[in-house]
Amino acid sequence: MLRGLYTATAGMLSQQKRVEMLSNNIANANTTGYKSDQSAVRAFPEMLLNRLEDSQTPIKNGAAFGTSTTIGSLNTGAYLQELIPQFTQGDIKETGLLSDVALVEEVVPVNGETNLKGLLLFPVQMEDSAIRYTRDGHFTVDSSGVLTSNGRPVLSTEGRQIQIQGNDYQISPEGIITENGQRVAQIDVRFEGDIRNLVKEGNGLYRTADNNALPSAIGNGQIQYSVKQQFLERSNVDVARNYTDMMTAYRAFEANQKVLQAYDRSMEKAANEIGRLR
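Below is a short write-up of the structure. By convention here, each chain's residues receive numbers from 1 onward along its written sequence. With the structure being a predicted model, the display of local features is reserved for residues of pLDDT at least 70 and the display and counting of side-chain atom pairs for 80 or more, all residues being used for whole-chain, interface and lining totals. By convention in this description, side-chain values take in all heavy atoms of the structure and omit both hydrogens and water.

1. Brief notes about the overall build of the chain
Where helices and strands are cited, they refer to DSSP runs of H or I of at least four residues and of E of at least two residues respectively, numbered from the N terminus. When its secondary structure is counted, the chain shows two helices and 21 strands. Taking contacts inside the chain between residues at least 6 apart in sequence as the whole, the part at least 24 apart equals 67%. For every accessible area listed, the method is Shrake-Rupley and the probe measures 1.4 Å; residues are considered covered only by the protein chains on display. As displayed, the chain has an accessible area near 16300 Å², and 48% of this comes from carbon and sulfur atoms. Residues count as neighbours in contact if any of their non-hydrogen atoms are within 4.5 Å of one another.

2. Observations regarding unusual backbone geometry
Phi is positive for Asn-150, which is not a glycine, with a value near 55°. Within the fold, Asn-150 resides in the loop between strand E12 (147-149) and strand E13 (152-153). With phi around 65°, Asn-211 is a residue other than glycine that occupies positive phi space. Relative to the helices and strands, Asn-211 resides in the loop between strand E19 (205-208) and strand E20 (224-229).

3. Section: the sheet that holds E13
DSSP bridges decide pairing: two strands pair if at least two such bridges lie between them. Read from one edge of the open sheet, three strands run E11-E12-E13, paired in antiparallel fashion. Unpaired on one side and paired on the other, strand E11 (139-141) and E13 mark the two borders of the sheet. Here E11 pairs with E12 via three bridges, running antiparallel. Note on E12: the bridge partner recorded for Thr-140 is Thr-148.

4. Structural notes on the nonpolar core
Throughout, nonpolar core names a set of buried Ala, Val, Leu, Ile, Met, Phe, Trp, Tyr and Cys residues whose side chains join them through atoms within 4.5 Å. To sort residues, take the accessible area from a 1.4 Å probe on protein chains only and compare it with the maximum for the residue type: under 20% means buried, over 50% means exposed, and anything in between is partly exposed. Core analysis: the largest hydrophobic core is formed by 24 residues, its most contacted members being Leu-120, Leu-147, Ile-177, Ile-187 and Tyr-225. For this core, the elements supplying multiple residues, two or more each, are strand E8 (101-107), strand E9 (119-125), strand E14 (169-171) and E20. Ranked by the residues each element gives to this core, the list is headed by E9, at three residues. With residues up to four places along the chain from it excluded, the contact list for Leu-147 reads Phe-139, Thr-140, Val-141, Arg-152, Pro-153, Val-154, Ile-162, Ile-164, Ile-177 and Ile-187. Tyr-133, Ile-195, Leu-198 and Leu-214 belong to the second-largest nonpolar core, a separate cluster that totals eight residues.

5. As for the pattern of salt bridges
Salt bridges are identified by distance alone: a Lys or Arg side-chain nitrogen within 4 Å of an Asp or Glu carboxyl oxygen. Per the counting criterion, the structure on display carries 13 salt bridges. Here Glu-201 ties to Arg-132 by a salt bridge, and the two come within 2.9 Å at their closest N and O atoms. Placement of the pair is Glu-201 in strand E18 (residues 198-202) and Arg-132 in strand E10 (residues 131-134), with a sequence separation of 69 residues. A salt bridge links Arg-196 to Asp-194, with the nearest nitrogen and oxygen atoms 2.9 Å apart. Counted as one network, the salt bridges with shared partners bring together Lys-35, Glu-105, Lys-117, Arg-135 and Glu-233.

6. So, the sheet that holds E18
Strand order across the open sheet formed by five strands is E17-E9-E10-E19-E18, with antiparallel pairing between neighbours. Strand pairing shows two members of the sheet lacking a second neighbour, strand E17 (190-192) and E18, which therefore form its edges. When the angles between neighbouring strand axes are averaged without regard to direction, this sheet yields 45°. Two strands pair when backbone bridges link them, and E18 and E19 are joined in this way by four bridges, in the antiparallel orientation. Among the inter-strand pairings, Gly-202 is bridged to a residue of E19, identified as Leu-205. Here an axis means a line fitted to C-alpha atoms, over the contact stretch when the element is a helix, while the angle between two N-to-C directions is reported on a 0 to 180 degree scale.

7. A short note on the environment of Leu-22
Inspection of the secondary structure assignment puts Leu-22 in helix H1 (residues 2-27). Relative accessible area serves as the criterion here: at 2%, Leu-22 is assigned to the buried category. C-alpha of Leu-22 to C-alpha of Ala-249: the two residues are 227 residues apart in sequence and 9.4 Å apart in space. Apart from the residues within four sequence positions on either side, Leu-22 is in contact with Asn-242, Asp-245 and Met-246.

8. Examining helix H2 (residues 239-272)
Helix span, expected: 1.5 Å multiplied by one less than the number of residues in the helix. For H2, built from 34 residues, the straight-helix expectation of 50 Å at 1.5 Å per residue is met to within 8% by its first-to-last C-alpha distance of 49 Å. Turning to H2, its buried residues number three or more, namely Asn-242, Met-246, Ala-249 and Asn-256. Buried residues belonging to H2 abut H1.

Laid out in C-alpha cells, this is it:
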C-alpha cells in the first residue's frame, strides 16, 4: 500500500514542476528573445518482483536456500528529468527604434550528434567582466554612450564595449555600426554548435556549461545570418499550446491527488476499524 502512496506522490511532484515550467513560459510570452522550455518526464527504473517459494526450499550442504518465481516488473512512478529549451527562431516584429536589432538566422550548421541546429547569440559583459550570451536585441545606449543589453555592455568583434557618440547611427545586416559615415564597430555574434552546452541564467542570459567562451560566427563560411535594425525577435512561446498543456498537467495532478486520498482513507480505515474488538 505504501508503494502506491509513493507512486502517486511522485506523479503529483512531476506535474507540479510541469505547471511551474509552463507558467514561466506563459509569463515570458512577450519577453524579447525568450526561448520556451519543454519538460522530459521519465519513469523511475522498474523493479523486478520475485516470489520466494519456501515450501520447495531444498537443502544443500546443510544450508537452506530458496527458489523463486518471477512475477513481473513494477513501475515505481515518474519524475521530471529535465527542462529542455526550444531554440527555434521567434517571430520578427518592427519597432522603429534605432537601437533595436533582431538576429535572424539564415543558415546554421546542424550538430551531427544531436541532429539539432546550433544557435547564434550576442555576447554581453557582466559586472565581473565575465561573458554571457543573449538573444535579447532590445539594446539601449546608456548615458556614457555604451551600447547595452539590459544594462550590460554589448561586445564588438574585438571583445570591447561599443561606444556611440550620437543618435544618428546605422547598423548594417552584418552588424557593422556606422556613425556620420565612419565605422564605429561591428557587433559580435557567437556560435554554439551543441545547444546542450547552454545553461539558462535568467533575464534572457545564457552561459556555457563547460565555462569556455563561444567562438565568433563572423568569418565562418558555414553560417549565414543578418542583423535587422529597428526590429526585435519575439519569444517563441506558443501560448495556446502552453495553456492546453497546463490544463493537462492540472488534470494529471488531480488524478494522482485522488489516488493519494483513496490510499489515505484506506489506511485510516485499517488503523481505526480493522481488528476492533466488539
